[in-house]
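Okay, here's what each chain looks like letter by letter:
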Amino acid sequence: MPTSRALFSRNFKKTFPIAARGEGCWIVDQDGRRFLDAAGQAAVVSIGHGVAEIGRAMAEQSAQVAFAHTSQFHTAPAEKLAARLLALAPENFRNGGLVYFTSGGSEATETAIKLVRQYHLEAGQPHRYRIASRKQSYHGSTLGAMTASGNVARRAPYAPLIQEWGHIAPCFCYHCPFDKTFPQCGVACADDLETFLQQEPETVAGFIFEPVVGATLGAAVPPEGYVVRIAEICRSHNILLIADEVMTGMGRTGKPFAVQHWGIEPDIILVGKGVASGYAPLGAVLVSARVVAAFKRGSGAFMHGFTYQAHPVCTAAGNAVLDYLESHKLFERAGEAGRNLREALAPLQEHRHVGDIRGLGLLHGLEFVKDKATREPFPRESGIAEKIRQAAVAEGVLTYPTQGCVDGQRGDHILLAPPFIISKEECSLIAGALETALAKVFPV
Ligand SMILES: Cc1ncc(COP(=O)(O)O)c(C=O)c1O
């Protein structure tokens, strides 16, 4: 029975329960069924569901001034949140960096693409326009963001509409595209950017990457040396480096921004999801001082805009979420909770079809393989990730399944990204549900 008559569903072949209430790490549907939100929906919810003070802060802002167009006004909550995000960012965002707020991650990517293009116009390099990226990456669903993305399945239907700006090899040790092993590989996947830029020296304007690849590769963490080498290559070719931290930012990996694990200074950082923990549609583009300076020296105006950018009520939600993260010490807690989750999941690694458990902080992925010795994936038609998701839902646990991590078609994983408040007991519930799901999907 369809559950919705008017809403354009994501999948007409599925039925969706009606979410009625959120409480901590749990979502309760209208029939009273409780679901443990092990994926934070889609790595969105950081502070947990149902925190009433966030709604109160939004209502207060709405009563003061609900909307003011950025062509005419700035507002206090937007200014305040911008300053707070810059204070959390790497050093090159202080003293002159600025923040551009959007309504989500895809708009943040679009904004960054245009910002990088205009930066090069301001700097007298009009031939630079391409944003290079990696195969097996995801930067959003709008057409510019899709052009930069390397997620085969999500791009496929729109191929005639999107250009080819160039995709280098992914950084994915479990299925190394060069069939090498770290550290003997010498991070050849980073040098693939150097090779690409030597072939395309004039037209590339920037490089966008997810420091930890979320949706497409299931929390693939780069080996030591990779991120630093990528930053060096971008700098030496005078192209801008965009860290897409829509999924990894705002504490998800145990630091405010994932790039801080490797001490690099990207030119632009994108955030979304966790920046308002799902309480409001909000994204942000953090622009470093050097990029801002080029605009100030040049035309002085960015040829871009959204009606709802820097929305007062959404940025009020962002401030209230950040207050909550700070007052409950949740940035620190994500690391500890991540270790608890990893510990709870560890026994699953023994299962004959669990190939890899990977991740950082509270962003983890489990990859299922047909053959552990060869790491051979299941055929796509087996739909293993979706079957695991369904079996886990039957146990009351929500996960985020994806296919295609190996080659865009094959490869099954689920992503786990619970709220930072997840308890040890809840981590055990997740592991228990997955154990049952594995037993159902792979009976002996
Ligand atoms: C790394 C990354 N970038 C961009 C996006 C797009 O964000 P949104 O869905 O808010 O438009 C996502 C969404 O999953 C993402 O994971």
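See the structure above.
I will try to describe carefully the structure that is included in this document. Here the structure is a predicted model, which is why all the values come from computation and not from measurement.

**Some points on the side chain of Thr315**
Structurally, Thr315 is set in helix α10 (residues 312-327). The exposure class assigned to Thr315 is buried, which follows from its relative accessible area of 0%. In terms of polar contacts, Thr315 uses its side chain to reach the backbone carbonyl oxygen of Pro312, at 3.2 Å. In this structure, Thr315 is in contact with Pro77, Ala78, Leu81, Phe101, Leu282 and Ala310, ignoring residues within four places of it in sequence.

**Side note on the pairing of strand β3 (residues 34-37)**
Consecutive side chains of a regular strand alternate in pointing toward one face of the sheet and then the other. Strand direction decides the pairing type here: strand β2 (residues 26-29) and β3, joined by three bridges, are antiparallel. Looking at β3, one finds that Trp26 is bridged to Leu36. Connecting β2 to the antiparallel partner β3 that follows it, the hairpin turn spans four residues, and Gly32 within it adopts a positive phi of roughly 85°. Bridging between β3 and strand β13 (residues 397-398) involves two bridges; their strand directions are parallel. Considered in β13, the bridge of Asp37 is made with Leu398.

**Some points on the packing of aromatic side chains**
Enumeration over the complete set of coordinates arrives at six aromatic pairs. The interplanar angle of 15° and the centroid separation of 6.2 Å between the aromatic rings of Phe207 and Phe209 together place this pair among those described as stacked. Like Phe207, the residue Phe209 is buried in the burial classification. Between Phe295 and Phe302, the ring centres sit 5.8 Å apart and the planes meet at 75°, which makes this aromatic pair edge-to-face. As far as burial versus exposure is concerned, Phe295 and Phe302 are alike and both buried. Across from the ring centre of Trp26, 4.8 Å away, lies the NZ or CZ of Arg34, which sits over that ring.

**A closer look at the environment of Gln30**
Of note, Gln30 is situated in the loop between β2 and β3. Since its relative accessible area comes to 54%, Gln30 is described here as exposed. For the pair Gln30 and Ala19, spaced 11 residues apart in sequence, the C-alpha to C-alpha distance is 6.1 Å. Gln30 has contacts with Ile18 and Ala20, leaving out every residue within four places of it along the chain.

So, how was this worked out
- Residues numbered from 1 in each chain as written.
- Predicted model: local features only at pLDDT ≥ 70, side-chain atom pairs only at ≥ 80, totals over all residues.
- Heavy atoms only, no water.
- Helix = DSSP H or I, 4+ residues; strand = E, 2+ residues; numbered from the N terminus.
- Buried < 20%, exposed > 50% of the residue type's maximum accessible area, 1.4 Å probe, protein only.
- Polar contact = N/O pair within 3.5 Å; in protein donor to acceptor, adjacent residues only side chain to side chain.
- Contact = heavy atoms within 4.5 Å.
- Pairing = 2+ DSSP bridges.
- Phe/Tyr/Trp six-rings, centres within 6.5 Å; stacked < 30°, edge-to-face > 60°.
- Lys NZ or Arg CZ within 6 Å of the ring centre and 35° of its normal.

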